Amino acid sequence: SVIINCIDFRFQTHVQELIKSLSISEDVDVINIVGGGAKINNYKVDGKSMLDISCSLHKPKNIILTGHHDCGGGTTLEELKKTEKEIKKIYLME
């Protein structure tokens, strides 16, 4: 699994609780970026996002996007939903 999360310190404990509740602590990459899941494609190195690299190396079965209501990165629910659709097309072959 991969979880894409905002860097906001207020939510790190919640992400760890999510990992525990999903029983994925032994098999999860956590990507922390400004704006969380909706902003994953804004951060690329040599044309690849951190999600590209995680998927290439670990072949995750699940990709979890997170966001929160008062994000300093400006993430909106609509943007998160749009990114979810894009990720499904690229990584989950839907």
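Not measured: the values here are computed from a predicted model.

**Some thoughts on helix H3 (residues 77-91)**
Across its 15 residues, H3 extends 21 Å between first and last C-alpha, which sits within 8% of the 21 Å expected from 1.5 Å per residue. Its buried side turned inward, H3 meets helix H2 (50-58) and strand S5 (63-65).

**So, the environment of Glu78**
Structurally, Glu78 is set in helix H3. The sequence separation of Glu78 and Val34 amounts to 44 residues, and the corresponding C-alpha distance is 17 Å.

**Focus: the sheet that holds S5**
Pairing is parallel in the open sheet, where three strands are placed in the order S2-S1-S5. Strands at the two margins of the open sheet, each flanked by one partner only, are strand S2 (29-33) and S5. Strand-to-strand twist of the sheet, defined as the mean angle between neighbouring strand axes without regard to direction, takes the value 20°. Two strands pair when backbone bridges link them, and strand S1 (residues 2-6) and S2 are joined in this way by five bridges, in the parallel orientation. Following the sheet pairing, Ile3 is matched in S2 by Val30. Across the sheet, H2 touches S1, S2 and S5, and the angle it forms with S2 is around 175°.

Quick notes on the rules
- Residues numbered from 1 in each chain as written.
- Predicted model: local features only at pLDDT ≥ 70, side-chain atom pairs only at ≥ 80, totals over all residues.
- Heavy atoms only, no water.
- Helix = DSSP H or I, 4+ residues; strand = E, 2+ residues; numbered from the N terminus.
- Expected span 1.5 Å × (residues − 1).
- Contact = heavy atoms within 4.5 Å.
- Pairing = 2+ DSSP bridges.
- Axes fitted to C-alpha atoms, helices over the stretch in contact; angles between N-to-C directions.

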